[in-house]
Amino acid sequence: MRTVRRQPLLPCLLLLCTVLLPACGDQRMQSAFSENDDIRLMVGRDIPFVYEPATCQLAFSRDRKEFRAHTDNMSDFVVATFSELPDYLGQNVTADLVWTTERDVLTRKNLTLEVIRIEGDQFWLWSRTGKIGLCMRILE
């Protein structure tokens, strides 16, 4: 009679958890982002810009494929320049983003964003690799 040597289950479970847990955290972050209706930029767990109608302005150029949101005095802003404009759910677009933080102006070039939600003229875009979310409005 031959004996079969069984591999311990615990190492396999630990490996599976190591692979799946970060993905679960990313999914929770994306879900939390898409459930909020504010026009804003989210970078990781930080929200460097939120549009406030009383103190901010929105701008959009179809020709330049550009969305802008900024405070009235331009002290805080986010600018997204797209390779192609977001149009449908599940679409992947590439954009260059520029935004302000408390101390700096940051840039991300060639960022791939997926359209994860659409409500009328408002789009929620998410970058899995950058953990960056942008909620924007296409103004006509």
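Predicted model, so just to flag it, every value in this text is computed and none were measured.

*Asks:* Looking at this structure, I do not really get the sheet that holds strand β6 (residues 92-100). What am I missing?
*Replies:* Strand pairing in a sheet relies on backbone hydrogen bonds. The paired strands run either parallel or antiparallel. Across the sheet, which stays open at both edges, the nine strands sit in the order β2-β1-β9-β8-β7-β6-β5-β4-β3 with antiparallel pairing between neighbours. Looking at the sheet topology across the chains shown, the edges are occupied by β2 (46-50) and β3 (56-61). Adjacent strand axes in the sheet meet at a mean angle of 25°, parallel and antiparallel pairs treated alike. Pairing between β3 and strand β4 (residues 66-71): six bridges, direction antiparallel.

*Asks:* Explain the environment of cysteine 135 to me, please; I cannot follow it from the model alone.
*Replies:* On the secondary structure map, cysteine 135 appears in strand β9 (residues 132-137). Between the C-alpha atoms of cysteine 135 and isoleucine 39, which are 96 residues apart in sequence, the distance is 4.8 Å.

*Asks:* What am I meant to see in unusual backbone geometry here?
*Replies:* Negative phi is the rule for most residues except glycine; trans is the rule for most peptide bonds. Notably, asparagine 110 is not glycine yet its phi reads approximately 55°, a positive angle. The residue asparagine 110 is located in strand β7 (residues 105-119) in this model. Under the relative-accessibility criterion, asparagine 110 is labelled exposed at 60%. Look at lysine 131: it is not a glycine, yet its phi comes out positive at around 50°. Residue position: lysine 131 is located in the loop between β8 (122-127) and β9. Accessibility expressed as a relative area gives 28% for lysine 131, which makes it partly exposed.

*Asks:* Just to check I follow, could you spell out the side chain of glutamine 91 for this structure?
*Replies:* Mapping glutamine 91 onto the fold places it in the loop between β5 (77-82) and β6. Within the structure, the side chain of glutamine 91 is placed 3.4 Å from the side chain of glutamate 84, a separation counted as a polar contact. When neighbours within four sequence positions are excluded, glutamine 91 is seen to be in contact with Glu84, Leu85, Pro86, Leu113, Glu114 and Val115.

*Asks:* Just checking my understanding: could you explain the pattern of salt bridges for this structure?
*Replies:* A side chain with one charge may pair with a side chain of the opposite charge, provided their charged atoms come close. Summed over the entire model, instances satisfying the criterion amount to seven salt bridges. Arginine 62 is paired through a salt bridge with glutamate 140; the nearest N and O atoms lie 2.3 Å apart. Here the residue arginine 62 occupies a position in the loop between β3 and β4, and glutamate 140 occupies one in the segment after β9, the gap between them amounting to 78 residues. Taking the relative accessible area as the measure of exposure, arginine 62 reaches 44% and is therefore partly exposed. Judged by relative accessible area, glutamate 140 falls into the exposed class, the value being 76%. Measuring nitrogen to oxygen at the nearest pair gives 3.6 Å for the salt bridge that ties arginine 137 to aspartate 121.

*Asks:* What am I meant to see in the packing of aromatic side chains here?
*Replies:* For any pair of aromatic rings, geometry is given as the distance between the ring centres together with the angle between the planes. All chains considered together, the criterion is met by one aromatic pair. Centre to centre, the rings of phenylalanine 33 and tryptophan 126 are 5.6 Å apart; their planes meet at 40°, and the pair counts as tilted. With a gap of 93 residues between them, phenylalanine 33 in helix α1 (residues 9-35) and tryptophan 126 in strand β8 connect regions that are remote in the sequence. Comparing phenylalanine 33 with tryptophan 126 shows no difference in burial state: the two are buried. Directly above the aromatic system of tryptophan 124 lies the positively charged group of arginine 117, at a separation of 3.9 Å from the ring centroid.

What counts, and where the lines are drawn
Residues numbered from 1 in each chain as written. Predicted model: local features only at pLDDT ≥ 70, side-chain atom pairs only at ≥ 80, totals over all residues. Heavy atoms only, no water. Pairing = 2+ DSSP bridges. Helix = DSSP H or I, 4+ residues; strand = E, 2+ residues; numbered from the N terminus. Axes fitted to C-alpha atoms, helices over the stretch in contact; angles between N-to-C directions. Buried < 20%, exposed > 50% of the residue type's maximum accessible area, 1.4 Å probe, protein only. Polar contact = N/O pair within 3.5 Å; in protein donor to acceptor, adjacent residues only side chain to side chain. Contact = heavy atoms within 4.5 Å. Salt bridge = Lys/Arg side-chain N within 4 Å of Asp/Glu carboxyl O. Phe/Tyr/Trp six-rings, centres within 6.5 Å; stacked < 30°, edge-to-face > 60°. Lys NZ or Arg CZ within 6 Å of the ring centre and 35° of its normal.

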